[in-house]
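Below, each chain spelled out in residue letters.
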Amino acid sequence: MRRVVRGFYAIAEAVRLCRPNVICAYPITPQTEIVENLAEMYANGELDAEYITAESEFAAASIVLGASAAGARVFTATSSQGLLLMTEVLFNAAGMRLPIVMVVANRSVSAPLSIWNDHQDSMTVRDAGIIQMHAENNQEAHDLIPLAYKVAEDKRVLLPFILNVDGFKLTHAYEPVDLLSQEVVDSFLPPYDPVVKLSTEKPVAMGCYAPPPYYMEFRVAMEYAMERAKKVMEEAFKEWSEIIGRDYGSHVSAEHCEDAEVVAIAMGSLVGLVRDVVEEMRKEGKKVGLLKIRTFRPFPAEEVREALKNANKVIIFERSLSIGSDPPVTLEVKSALFGSSSPEIHSVVIGLGGRDIPREQIVKVISEVYEGKVKPGKRYEGVKEFEEVIP
Amino acid sequence: MSYFGPGHGACPGCGFPIAVKAVLEALEGKAFVVNPTGCLEIVSSMYNRNVWGVPYIHSLFENAAAVAAGIEAALRALNRKHEGHVVVFAGDGATADIGFGMVSGAFDRNHDILYICYDNEAYQNTGNQQSALTPPGARTTTTPVGKRQPGKIGKKKDMVSIAVAHGIPYVASASVGYPNDLKRKVKRAVEFEGAKYIHVHAPCVTGWGIDGKQTVEVARLAVETGLYPLVEFEHGKLVRVMKIKEKKPVEEYLKAQRRFRHLFKHPEGRKIIEELQRIADENIKRYNLLQQ
């Protein structure tokens, strides 16, 4: 059923269709309305789940951790500081191999306080052992929720799953969305059947401590699970696109990359704008391409390498920083290319803290690189001249 | 396998295994145990050497109450409430310090959980550092005794009153000196739907500087002096107290433990002993503890 809805609703409705047992979250902009929509569904008796309001994101994450350990399908959502506050619990949940599904409405982090969008928040948990995908638009966000459960709960995986959606840009945006039906979701997503759960019938101990003879194997096992997740996700992408008839590509979506001299890389809602610019430049006969990175963890290094094998120049539009090093996606791309091709790498930090990203800026960046007017390296696009001050 | 052990690694004479066994026996093993980081977790949950005969989860230091709330919600959602009670065993640091917010949140939402705080009055797992439940004057590694400082300065946080103030249906204090009383309180607690809190005084042989054989005796002295009143609240109302047959001076309790020994020599010591005696006397008056 096609309806014009906001991102919050598209996400909340998909969560409802996945039949979660326990939902728990704490309000934070720009996430709040996702769980408000779920709260309303609960209040109206349209959602057969326990809906719990927590006293903090730390508690929300802990509550869904406990519920998941007891065998429930769970959901939570957060942004920014909230995700940072959850961090300790998320590492713990991943270590316990609990398939918690959550949405992060991406937002910058303090200080200075900013409620607007970039990707700094989700990057803070990139090493936690959590699968991470970025949705380009609200239709994709809607469709990826059942997929997230399917993958996270797969016995070959059993890891938490974060679906990243750009705060405000997607969450607050009205878009036409083809809403899934219960029948379709049920046909794709079976009820959750945990491998291990807390039960008095068959008592187990979870979260034990592991001395040096044991610890390392647990961590390496997570790495193996993340490697397997890549394949499991591909199966799920294929199955889901056959059922719903929408194909977003696999872990990446390489467009016009075969003969491109310059490939622009982006994640999330920025992809749409970059695609638009690339299409226009193609019409002008310029050999440019787009690489949309959809899966950030596990990072699809092979696909990135394959997509960039003919490119002389690569532009990575970065929405976060790793202060003191290259920005996160740049690090990943460089690592993926090491030992194969070595194109010019332009790491373009853009739109931090919700700074507007005008179309002309994308055109300018790609054109300058295409025409060889700028040197490779890291730079900050759209930054005003400023004097450094300590706030 | 029993509900707890054999094979746990607690020190000989440790207080909290008495509490854990009493609680699980009272519940006949129908319990989902949540346990934050601490002594109990370390002595019981090593990988491959788990000693729990009931479902058990250790998550983090500060989130036992929230994890318990999540388990309880899941059991409700999955129609599995009949399987057992959700029970937290947490130390004083996890309860009154780092996990305090989560305890308050779970009580505020009145989750159907039984929260047991075993109070050994310091961070004993990391070697006896002061917590909010360390009593005034106690020597710990972070409140050492020196010229300037006579041990811990400040009060012992009143967790029982704080729990009562949340309006939860059942709150009690108990002691490993009286395990049958604890068992009775556990059985009474689970008759109530909602959050239940039992604060259990549990000596630590190393941190307190007592002999393993003295655990029960020292625990009982805390009760007999009035320093540790055993009380019971139902829906906010004081319903029962354990009467003191013969009131003992706090000095008798303090002298039995190495952590208070300096009070009898330090220039500030006398004042602290008097303060502790005043606290005991006030408890006796407040709860009408003396047998008539």
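Residues numbered from 1 in each chain as written. Chains lettered and ligands numbered in written order. Predicted model: local features only at pLDDT ≥ 70, side-chain atom pairs only at ≥ 80, totals over all residues. Heavy atoms only, no water.

As recorded in an unreviewed UniProt entry, chain B goes by Thiamine pyrophosphate protein domain protein TPP-binding protein and comes from Ferroglobus placidus. Per UniProt, chain B carries the Subunit (unreviewed entry) text "Heterotetramer of one alpha, one beta, one delta and one gamma chain." (UniProt positions renumbered as here; feature names shortened; annotations may be inferred.)

Going by the annotation in an unreviewed UniProt entry, the name recorded for chain A is Pyruvate flavodoxin/ferredoxin oxidoreductase domain protein, with Ferroglobus placidus given as the source organism. Database annotation for chain A, UniProt heading Subunit (unreviewed entry): "Heterotetramer of one alpha, one beta, one delta and one gamma chain."

Visitor: Can you break down the overall build of chain A residue by residue, with the values?
Guide: The secondary structure content of chain A amounts to twelve helices and 16 strands. The C-alpha atoms of chain A give 21 Å as radius of gyration, which agrees with the globular expectation for 391 residues (21 Å, within 12%). Taking the principal axes of its C-alpha atoms as reference, chain A extends roughly 70 × 55 × 50 Å. Taken over 391 residues, chain A has a buried fraction of 58%. Across chain A, every contact between residues at least 6 apart in sequence was considered, and the portion connecting residues at least 24 apart equals 81%. Chain A carries 42 positive and 56 negative side-chain charges, and their two centres are separated by 3 Å. (Helix = DSSP H or I, 4+ residues; strand = E, 2+ residues; numbered from the N terminus. Rg over C-alpha atoms; globule rule 2.2 N^0.38 Å. Buried < 20%, exposed > 50% of the residue type's maximum accessible area, 1.4 Å probe, protein only. Contact = heavy atoms within 4.5 Å. Lys, Arg positive; Asp, Glu negative; His and termini not counted. Charge placed at Lys NZ, Arg CZ, Asp CG, Glu CD.)

Visitor: Any chance you could break down the environment of Asn 310 of chain A for me, citing the residues and the numbers?
Guide: Residues and elements named next belong to chain A. Looking at where Asn 310 falls in the secondary structure, it is placed in the loop between α10 (301-307) and β14 (313-318). The spatial distance from the C-alpha of Asn 310 to the C-alpha of Val 125 is 32 Å, given a sequence separation of 185 residues. The residues touching Asn 310, leaving out its near neighbours within four places in the chain, are Glu 258 and Ala 260. A polar side-chain atom of Asn 310 sits 2.7 Å from the main-chain carbonyl oxygen of Glu 258. (Polar contact = N/O pair within 3.5 Å; in protein donor to acceptor, adjacent residues only side chain to side chain.)

Visitor: Lay out the pairing of strand β4 (residues 113-119) of chain B in plain terms, naming residues and giving numbers.
Guide: Along any regular strand the residues' side chains alternate between the sheet's two faces. Residue and element names in this part refer to chain B. Counted residue by residue, β4 has seven buried out of seven residues, so it is predominantly covered. Side chains of β4 alternate between two faces, with Ile 113, Tyr 115, Cys 117 and Asp 119 and Leu 114, Ile 116 and Tyr 118 buried alike. Judged from the six bridges that link them, strand β3 (residues 85-91) and β4 form a sheet pairing that is parallel. Among the inter-strand pairings, Gly 91 is bridged to a residue of β4, identified as Tyr 118. (Pairing = 2+ DSSP bridges.)

Visitor: Quick one: what's the story with the sheet that holds β14 of chain A, residue by residue and with numbers?
Guide: Residue and element names in this part refer to chain A. In spatial order, the strands read β10-β12-β11-β14-β15-β16; together these six strands make up an open sheet with mixed pairing. Edge positions in the sheet fall to β10 (252-255) and β16 (377-381), since each of these pairs with one other strand and no more. Adjacent strand axes in the sheet meet at a mean angle of 20 degrees, parallel and antiparallel pairs treated alike. Looking at chain direction, strand β15 (residues 344-350) and β16 are connected through five bridges and run parallel. Within β16, the residue paired with Ile 350 across the bridge is Glu 381. Across the face of the sheet, helix α9 (residues 270-283) comes into contact with β10, β11 (262-266), β12 (288-293), β14 and β15 while running at roughly 165 degrees to β12. (Axes fitted to C-alpha atoms, helices over the stretch in contact; angles between N-to-C directions.)

Visitor: Describe the interface of chain A and chain B, and please don't skip the residues or the numbers.
Guide: Listed per partner, the contact involves 39 residues of chain A and 37 residues of chain B. Each partner contributes to the roughly 3,000 Å² buried at the junction of chain A and chain B, and carbon and sulfur atoms together form 66% of this total. Our count for the contact surface shared by chain A and chain B stands at two salt bridges. The closest approach of N and O atoms between Arg 76 of chain B and Glu 50 of chain A, which form a salt bridge, is 2.6 Å. For the interface between chain A and chain B, the tally reads 14 residue pairs in polar contact (both at pLDDT 80 or more). Contributions of two or more residues to the side of chain A that touches chain B are made by β3 (50-53), α3 (57-69), α4 (80-95), β9 (205-206) and α8 (212-244) of chain A. (Buried area = accessible area lost by both parts, 1.4 Å probe. Salt bridge = Lys/Arg side-chain N within 4 Å of Asp/Glu carboxyl O.)

Visitor: Summarise the packing of aromatic side chains; cite the residues concerned and give the values.
Guide: Tallied over the full model, the rule gives 16 aromatic pairs over all chains. Taking 4.1 Å as the distance between ring centres and 25 degrees as the angle between the ring planes, the aromatic pair formed by Phe 188 of chain A and Trp 240 of chain A counts as stacked. Of this pair, Phe 188 of chain A sits in helix α7 (residues 182-188) while Trp 240 of chain A sits in helix α8, and the two are 52 residues apart along the sequence. In this structure, Phe 188 of chain A and Trp 240 of chain A share a single accessibility class: buried. Between Phe 296 of chain A and Phe 299 of chain A, the ring centres sit 6.0 Å apart and the planes meet at 80 degrees, which makes this aromatic pair edge-to-face. As far as the burial class goes, Phe 296 of chain A and Phe 299 of chain A line up, both buried. Counting every residue linked through ring pairs, the aromatic cluster contains Phe 4, Trp 52, Tyr 56 and Phe 89 of chain B. The residue whose ring lies beneath Lys 157 of chain B is Phe 100 of chain B, and the NZ or CZ to ring-centre distance is 4.1 Å. We note Arg 220 of chain B situated over the ring of Tyr 178 of chain B; from NZ or CZ to the ring centre the distance is 4.6 Å. (Phe/Tyr/Trp six-rings, centres within 6.5 Å; stacked < 30°, edge-to-face > 60°. Lys NZ or Arg CZ within 6 Å of the ring centre and 35° of its normal.)

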